[in-house]
Amino acid sequence: MKSFISTLSILFLLSLLLLPGCASLSSSQTETIEGNLAIAPLPATMQAGSGFLVIDEKMKILTNIKDFPHFDPFKVFNELFQRKSGYALPYLHDKSALKDSSHLIKVTLVYNNYNIESYNLKIKSSGILIVAGSELGVFYAMQTLRQIMRLDAVPDSKGSQRHWSIPLVDISDAPRFTYRGMHLDVCRHFMPVEFVKKYIDLLAYYKMNYFHWHLTDDQGWRIEIKKYPKLQEVAAYRDETLIGRFGEKPPRYDGTRYGGYYTQEEIKDVVSYASDRAVTIIPEIEMPGHCLAALAAYPELACSAGPFKTATTWGVFKDVFCPEDSTFVFLENVLDEVLTLFPSRYIHIGGDEVVKTSWEQSDFCKDLMKKEGLNNSKELQSYFIQRIEKYLNAKGKTIIGWDEILEGGIAPNATIMSWRGIQGGIDAAKAGHDAIMTPGGYCYFDHYQGDRETEPLAIGGFTPLDKVYAYDPVPAELSEAEARHILGAQGNLWTEYIDSPEKAEYMAYPRAIALAEVLWTPVDRKNWDEFSVRLKQHLDRLDGMGVHYAKK
Ligand code: ACM
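Criteria and cut-off values
Residues numbered from 1 in each chain as written. Predicted model: local features only at pLDDT ≥ 70, side-chain atom pairs only at ≥ 80, totals over all residues. Heavy atoms only, no water. UniProt positions renumbered as here; feature names shortened; annotations may be inferred. Helix = DSSP H or I, 4+ residues; strand = E, 2+ residues; numbered from the N terminus. Buried < 20%, exposed > 50% of the residue type's maximum accessible area, 1.4 Å probe, protein only. Contact = heavy atoms within 4.5 Å. Lys, Arg positive; Asp, Glu negative; His and termini not counted. Charge placed at Lys NZ, Arg CZ, Asp CG, Glu CD. Expected span 1.5 Å × (residues − 1). Polar contact = N/O pair within 3.5 Å; in protein donor to acceptor, adjacent residues only side chain to side chain. Core = buried A, V, L, I, M, F, W, Y, C linked by side-chain atoms within 4.5 Å. Pairing = 2+ DSSP bridges. Axes fitted to C-alpha atoms, helices over the stretch in contact; angles between N-to-C directions. Disulfide = S-S within 2.5 Å. Parallel < 35°, antiparallel > 145°, perpendicular 65-115°, else oblique. Nonpolar A, V, L, I, M, F, W, Y, C, P; charged D, E, K, R; others polar. Phe/Tyr/Trp six-rings, centres within 6.5 Å; stacked < 30°, edge-to-face > 60°. Salt bridge = Lys/Arg side-chain N within 4 Å of Asp/Glu carboxyl O. Right-handed = clockwise from strand over helix to strand, strands pointing away.

The name given to the protein chain in an unreviewed UniProt entry is beta-N-acetylhexosaminidase, and the organism recorded there is Candidatus Opimibacter skivensis. Regarding the protein chain, the relevant UniProt record gives this comment under Catalytic activity (unreviewed entry): "Hydrolysis of terminal non-reducing N-acetyl-D-hexosamine residues in N-acetyl-beta-D-hexosaminides." The record held by UniProt for the protein chain lists under Sequence similarities (unreviewed entry) the comment "Belongs to the glycosyl hydrolase 20 family."

Okay, here's the thing in C-alpha cells:
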C-alpha cells in the first residue's frame, strides 16, 4: 500500500509539471491522497487510484437529467472552466449518439431522500462517474472536481491551459450537518453587491449552504422596502461613525455621512447568484430591538418618545419597536416585500438584546400584558415574536431567532440560533426545537484571531483558527435524539470594526474553512495537523481568487 501511494505521489508530482500555475508541494504533503488533492472540507472517504485522467476538448458531460428547471449543477463549474481553459464542456442527454463512451463526465441521479447532498465522484482513466443523491450532490461533486483540478489557482487567461491531468481517485462524500452557514452584517458597515457575491462564491467553494444576511440594525437599514420610502431616505444613512474602540473617552467621530442600501433588483440578483451556487440566503429583519434606524424614519413605531437618529456608535440601544397593532402592520408589510425577494423557508427575525424599559414604562404595554395574561416583559417579547411567527408560518415560513427568544417562552415552531454560548442550543433541542450553533467563543469571526498587539482592531475575544477547527457543534449534554435537532453551525461576521471587504475577508478566512470542515467532514476524519497541511494549498488558491485572508 505504501509503495503504491509513493508511486502515486511520483506520478502526481510529474503531473504537476504539466500544470502551470500549480503550487509545488513539499514531500510531506504528497504522502497521502488527502494531502495530494487538498480538498477542503475533507471528504468522508477517498480511495486513491493509480494513473491520471486527462480532461481536454473531447470531454463531455452526459447526464440523465433532461433539463435543470431550478438548478443547473454544472453552471458554476463550466463558467469557471471556460475562463481558465477557453472552452466549455458540452452537455449530452443521449448516449446513443456517441461513438465512443470515453471522455465523459457521466452523471447519474439516484434520488436519495436520506442525503440529497451526497455524491460519489469516481475519476477513472477513461472518464468521470458521478452518482449523486440529487442535483445538490452533483453540484458538490463538481466543486470537489474544481478543487482537484486546482482551477482557482490557475490565472484567468483564456485558452492558456486546455489540458488538465488529474490523479485517479474514488470519493464518496456527504455532509455531517444540513446547516453550514456564514453570516454577514452589512448594517454597521455596508458591503457592496460585488463583494457579497464573492463572499457567496467562497461559501459554495467550501460547501457551505446558508448565507445569513443581517440587513437591518440600529446603524442602518439596508433593504429597499417600496411601501416605506423613509427606510431608504432616512434609515439607510447615519450622520457619522465612531472612530476607534467603543468606550474610549471622549468618543471620536468621523463627521462623515455614511450609508447605503440594496435595491430590490440588486437583492433579486444576489439571491439568484446564490441559488446557482446551492446557497440559500436567509434575510434577517431585526425586531423588536436593534431597530433604531427604522425608528429614525418612523418614530411612531416606538413606545418611547422620538425623534430618533440612526445610531452613529455601537452597543445596545434602549428604543425598540412597541408591540402596538400599527407596528405589526408595518412589520408585516415589510415582511411581505421580504418574502417576494427571498425564497428561503427560514426568515430570521432577530430577537436579541432587547432593552425592555420602554415597554415597562408604557401604559399601553401594561394594559396589553394584563389583557394577554403576560407576567413580565420577557413574556411580552415572546408575545411579540409569536405574533410574527404566526404571520410567517401562515405564509409557509419558519422563523429563526437569537437565543433570547427562549426567555419568555419559545414560539411554537421557532429555530434557535445559539450565540450566548451553547445553552440556548441545548435548551432548544431538549424542548424539541431545532437549533443552529453560533457560540461566540468558536463562531464569532469578528473576534481576534492572533496577538492583539499586532492584529488590526477587533471587537475583542480570542478565536484562533485551531479553536474553530476543534469545535464540535453537538453539545455533549444531548441524547442522540436531542442531538438531531442541532442542524449545524454558522460563523458570524459583525462589522463594527470591519469597515471594508478586505477586512471582512481577513477576519473570515481562513477561519471559515476550518468551520466548513467542522460542518462537513465526519468527526473521526478531523485532524488538525493534516488540515494544516491542506490549508497551505488553500491559501494559494485564496491568493488565486484574490481573497485577502489573514496570513499568519
Ligand atoms: C448578537 O451577537 N447580538 C446576536
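(A) Representation of the overall build of the protein chain in the model. Check the secondary structure of the protein chain and you find 19 helices and 21 strands. Projected onto the principal axes, the alpha-carbon positions of the protein chain cover approximately 80 × 50 × 45 Å. Across the 552 residues of the protein chain, 59% fall into the buried class. Long-range pairs, those at least 24 residues apart, make up 73% of the contacts in the protein chain between residues at least 6 apart in sequence. With 59 positive and 71 negative side-chain charges, the protein chain shows a separation of 4 Å between the mean positions of the two kinds.

(B) Quick peek at helix α4 (residues 135–149). In this model α4 runs 21 Å from its N-terminal to its C-terminal C-alpha over 15 residues, within 8% of the 21 Å that 1.5 Å per residue would give. Most of α4 sits inside the fold, with 14 of its 15 residues counted as buried. Two or three places before Leu 136, at the opening of α4, Ser 134 has a side-chain oxygen 3.0 Å from that residue's backbone nitrogen.

(C) Region of the structure containing the nonpolar core. In this structure, Trp 213, Leu 231 and Tyr 509 are the most contacted members of the largest nonpolar core, which totals 162 residues. Counting residues per element, this core draws most heavily on helix α5 (residues 193–205), which supplies nine residues. What Leu 231 contacts, discounting residues up to four positions off in sequence, is Trp 221, Ile 225, Ala 236, Ala 294, Ala 297, Tyr 298, Phe 330 and Val 334. Among the nonpolar cores identified, the runner-up in size contains 12 residues, and Trp 402, Met 417, Trp 419 and Ile 436 belong to it.

(D) Looking closely at the sheet that holds strand β18 (residues 398–402). The strand order around the closed barrel built from eight strands is β8-β9-β16-β17-β18-β19-β20-β21, with neighbouring strands paired in parallel fashion. Ignoring strand direction, the axes of neighbouring strands in this sheet form an average angle of 30 degrees. Where strand β20 (residues 435–437) lies against strand β21 (residues 486–491), three bridges are found, and the strand directions are parallel. Bridge pairing in β21 places Met 437 opposite Ala 489.

(E) Molecular detail of the state of the cysteines. Throughout the structure, instances matching the rule amount to one disulfide. Across a sulfur-sulfur distance of 2.0 Å, Cys 303 and Cys 322 are joined as a disulfide pair. Its torsion about the S-S bond being 90 degrees, the disulfide of Cys 303 and Cys 322 is classed as right-handed. Placement of the pair is Cys 303 in the loop between α8 (292–297) and α9 (325–341) and Cys 322 in the loop between α8 and α9, with a sequence separation of 19 residues. The cysteine Cys 365 is free of any disulfide, with Cys 303 supplying the nearest cysteine sulfur at 3.7 Å. The buried category is assigned to Cys 365, whose relative accessible area is 0%.

(F) Geometry of the packing of helix α11 (residues 363–372) against helix α12 (residues 377–394). Between α11 and α12, the least distance of the axes is 11 Å, while the angle of their chain directions is 80 degrees. Overall, the two elements α11 and α12 adopt an arrangement that is roughly perpendicular. Between α11 and α12, the contacting residues are Cys 365, Leu 368, Met 369 and Glu 372 on the first element and Ser 377, Leu 380 and Tyr 383 on the second. Class assignment for the residues of the contact of α11 with α12 results in five nonpolar, one polar and one charged.

(G) Structural view of the sheet that holds strand β4 (residues 104–109). Overall, mixed pairing links the seven strands, which are arranged β1-β7-β5-β6-β4-β2-β3 in an open sheet. In the strand order of this sheet, the two ends are held by β1 (45–55) and β3 (91–92), each with one partner. Bridge count between strand β2 (residues 60–63) and β4: four bridges; the pairing is parallel. Bridge assignment links Lys 60 to a residue of β4, and that residue is Leu 104.

(H) A look at the packing of aromatic side chains. Counted under the stated rule, the structure contains 32 aromatic pairs. Ring centres of Phe 71 and Phe 139 lie 5.6 Å apart, and the angle between their planes is 55 degrees; on these two criteria the pair is classed as tilted. Of the two residues, Phe 71 is situated in the loop between β2 and α3 (75–85) and Phe 139 in helix α4; the sequence distance between them amounts to 68 residues. On the accessibility criterion, Phe 71 (11% relative accessible area) is buried.

(I) Examining the pattern of salt bridges more closely. Within this structure, the stated rule accounts for 28 salt bridges. With a closest N to O distance of 2.8 Å, Lys 75 and Asp 276 form a salt bridge. Of this pair, Lys 75 sits in helix α3 while Asp 276 sits in helix α7 (residues 264–276); the two residues are 201 residues apart in sequence, bridging distant segments of the chain. When its relative accessible area of 32% is taken as the criterion, Lys 75 is described as partly exposed.

(J) Here's a closer look at the side chain of Glu 404. Following the sequence through the fold, Glu 404 ends up in the loop between β18 and β19 (415–418). One buried charged side chain, Glu 404, makes no salt bridge at all; its nearest oppositely charged neighbour is Arg 420, positioned 4.1 Å away. Within the local environment of Glu 404, its side chain forms a polar contact with the backbone nitrogen of Glu 353, the two atoms lying 3.0 Å apart. Excluding its chain neighbours within four sequence positions, the residues that come into contact with Glu 404 are Gly 351, Asp 352, Glu 353, Gln 381, Trp 419 and Arg 420.

(K) Fine view of the pairing of β19. Covered by surrounding structure in β19 are Thr 415 and Met 417 together with Ile 416 and Ser 418, the residues of both alternating faces. As judged from the three bridges shared by β18 and β19, these two strands associate in the parallel manner. Bridge pairing links Gly 401 to Ile 416 in β19. One crossover worth recording links β19 to the parallel β20 by way of helix α13 (residues 423–430), and it is right-handed.

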